[in-house]
Amino acid sequence: MKEILFATGNIAKVDRFYEKLLKKGILLKSLKDIDIKIDVDENGKTAIENATIKAKAYYEATKMITMAMDDTMYIDDIPEDKQPGVFVRRINGKRLNDEEMINYYTNLVKTYGKNGKLNTKWILGMAIIKDGKISTYTNITEEYYLVDTPAKKMKEGYPLSSILINKKLNKYDVYLTEKDKKIGQADDSEFINFIEENVNW
């Protein structure tokens, strides 16, 4: 079975892809599995740049096929200096915990939103390094509103899923089933195909 290292300390991100890749004959290894942690300066200006920085750091340390992800968020109708961009979790130089993220973004909606919501756009970037060669993939999604009232459930590592509502299904992201995802949003199949192609070439 082929193996790929996911350069993230966020176990929720690992869980997102683990079973789907296993069905493709690919074992996704986490940083916890190999007991390694590197301080990576994610100073890129885009999701792809940050994903590439992380992938490179862990590939050089392990020589394993390595993948990394990052995302960039843009919110309609808020001042430019409030746009999170690549700093979704880092606000004013501080890394927010899950609860602090929910508080910060619900307050943005309360301040700038209409009818308790703000339209969002996410740019997701993935980088894979194999045998020193870098491949990247970008996906843009606009299927969510950010809202000012959190769901009762929160997924550790993905706090914004408690305040993002899928436009098509009118349902909190944290409550979406696999069937819902196939109807209302991208189901990660393009990312899975990208990973499979780059692991197996």
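This text goes with the structure placed above it.
A short tour of the structure in this document, coming up. As the structure is a computational prediction, the values presented were derived from the model and not from experiment.

1. Brief notes about the overall build of the protein chain
Consideration 1: Counting its secondary structure elements, the protein chain contains 6 helices and 9 strands.
Consideration 2: Its C-alpha radius of gyration of 17 Å places the protein chain within 12% of the 17 Å reference for a compact globule of 201 residues.
Consideration 3: Each principal axis of the C-alpha atoms in the protein chain carries an extent, and together these give about 50 × 40 × 25 Å.
Consideration 4: A buried classification covers 48% of the 201 residues belonging to the protein chain.
Consideration 5: By sequence separation, contacts in the protein chain at least 24 residues apart represent 60% of the contacts at least 6 residues apart.

2. Notes on helix H3 (residues 47-62)
Consideration 1: The end-to-end C-alpha distance of H3 is 23 Å, a good match for the 22 Å that 16 residues give at a rise of 1.5 Å each.
Consideration 2: Of the positions making up H3, those classed as buried are Ala-47, Asn-50, Ala-51, Thr-52, Lys-54, Ala-55, Tyr-58 and Tyr-59.
Consideration 3: Contacts from the buried residues of H3 go to strand S1 (2-6), helix H2 (31-34), strand S3 (66-75), strand S4 (90-91), strand S6 (117-130) and strand S7 (133-147).
Consideration 4: Looking at the residues trailing H3, positive phi occurs at Lys-63, about 65 degrees.

3. Remarks on the nonpolar core
Consideration 1: Among the nonpolar cores identified, the biggest contains 43 residues, and Ile-4, Phe-17, Met-67, Tyr-105, Met-126, Leu-160 and Ile-195 are the most heavily contacted of them.
Consideration 2: One finds Leu-31, Ala-55, Met-64 and Ile-129 within the second-largest nonpolar core, a separate group that totals 11 residues.

4. What about helix H1 (residues 11-22)?
Consideration 1: A rise of 1.5 Å per residue sets the reference length of H1, with its 12 residues, at 16 Å; its end C-alpha atoms lie 16 Å apart and thus fit the reference within 8%.
Consideration 2: Turning to H1, its buried residues are Ala-12, Lys-13, Val-14, Phe-17 and Leu-21.
Consideration 3: Residues of H1 that are buried sit in contact with S1, strand S2 (26-29), S3, S6 and helix H6 (189-200).
Consideration 4: Where H1 begins, the capping side chain belongs to Asn-10, and its oxygen is found 3.0 Å from the backbone nitrogen of Ala-12.

5. Here we look at the sheet that holds S2
By way of backbone hydrogen bonds, the strands of a sheet pair with one another, either parallel or antiparallel.
Consideration 1: Spatial strand order, S2-S1-S3-S6-S7-S8-S9: 7 strands in an open sheet with mixed pairing. For this open sheet the edge positions go to S2 and strand S9 (171-172), each flanked by a neighbour on one side alone.
Consideration 2: In this sheet, S2 lies alongside S1 in parallel orientation, the contact comprising 4 bridges. Paired with Glu-3 across the two strands is Leu-27, which belongs to S2.

6. As for the pattern of salt bridges
Consideration 1: Summed over the entire model, instances satisfying the criterion amount to 7 salt bridges.
Consideration 2: With a shortest N-O distance of 3.3 Å, Lys-20 and Asp-188 are connected by a salt bridge. Within this pair, whereas Lys-20 is found in helix H1, its partner Asp-188 is found in the loop between helix H5 (178-184) and H6, the two being separated by 168 residues in sequence.
Consideration 3: The class for Lys-20 is partly exposed, based on a relative accessible area of 23%.
Consideration 4: In this structure, Glu-196 engages Lys-24 in a salt bridge whose closest nitrogen and oxygen atoms are separated by 3.8 Å. Here Glu-196, found in helix H6, pairs with Lys-24, found in the loop between H1 and S2; they are 172 residues apart in sequence, far enough to count as distant.
Consideration 5: The class of Lys-24 is partly exposed, set by a relative accessible area of 38%.
Consideration 6: Salt bridges sharing common partners tie together Arg-16, Lys-20 and Asp-188.

7. A look at the side chain of Asn-119
Consideration 1: Take Asn-119: it is sitting in strand S6.
Consideration 2: Within the structure, the side chain of Asn-119 is placed 2.9 Å from the side chain of Asp-76, a separation counted as a polar contact.
Consideration 3: In this structure the side chain of Asn-119 is engaged in a polar contact, spanning 2.3 Å, whose partner is the side chain of Lys-167.
Consideration 4: Those residues in contact with Asn-119 that sit more than four places away from it in its chain are Tyr-74, Ile-75, Asp-76, Glu-142, Tyr-144, Tyr-145 and Lys-167.

Calculation notes
Each chain has its residues counted from 1, following the order in which its sequence is written. At least 70 in pLDDT is required for a residue's local features to be given in this predicted model, at least 80 for side-chain atom pairs to be given and counted, and no such filter applies to totals for whole chains, interfaces and linings, which use all residues. Excluded from the side-chain calculations are hydrogens and water; all other atoms, namely the structure's heavy atoms, are used. Every helix listed is a DSSP run of H or I at least four residues long, and every strand listed is a run of E at least two residues long, numbered separately from the N terminus. Here the globule rule is a power law, 2.2 Å times the number of residues to the power 0.38, and the radius of gyration is based on C-alpha atoms. Throughout this description, buried means an accessible area under 20% of the type-specific maximum (1.4 Å probe, protein chains only), exposed means over 50%, and partly exposed covers the range between. The contact criterion used throughout is that any non-hydrogen atoms of two residues lie within 4.5 Å. What a helix should span is 1.5 Å times the count of its residues minus one. Nonpolar cores were defined as sets of buried Ala, Val, Leu, Ile, Met, Phe, Trp, Tyr and Cys residues, with membership established by side-chain atoms within 4.5 Å. The definition of a polar contact used here is a pair of N or O atoms within 3.5 Å, where within protein one atom must be able to donate a hydrogen and the other to accept one, and adjacent residues in sequence count solely through side-chain atom pairs. In this scheme, strands are said to pair when DSSP sees at least two bridges between them. Any Lys or Arg side-chain nitrogen found within 4 Å of a carboxyl oxygen on Asp or Glu counts as a salt bridge.

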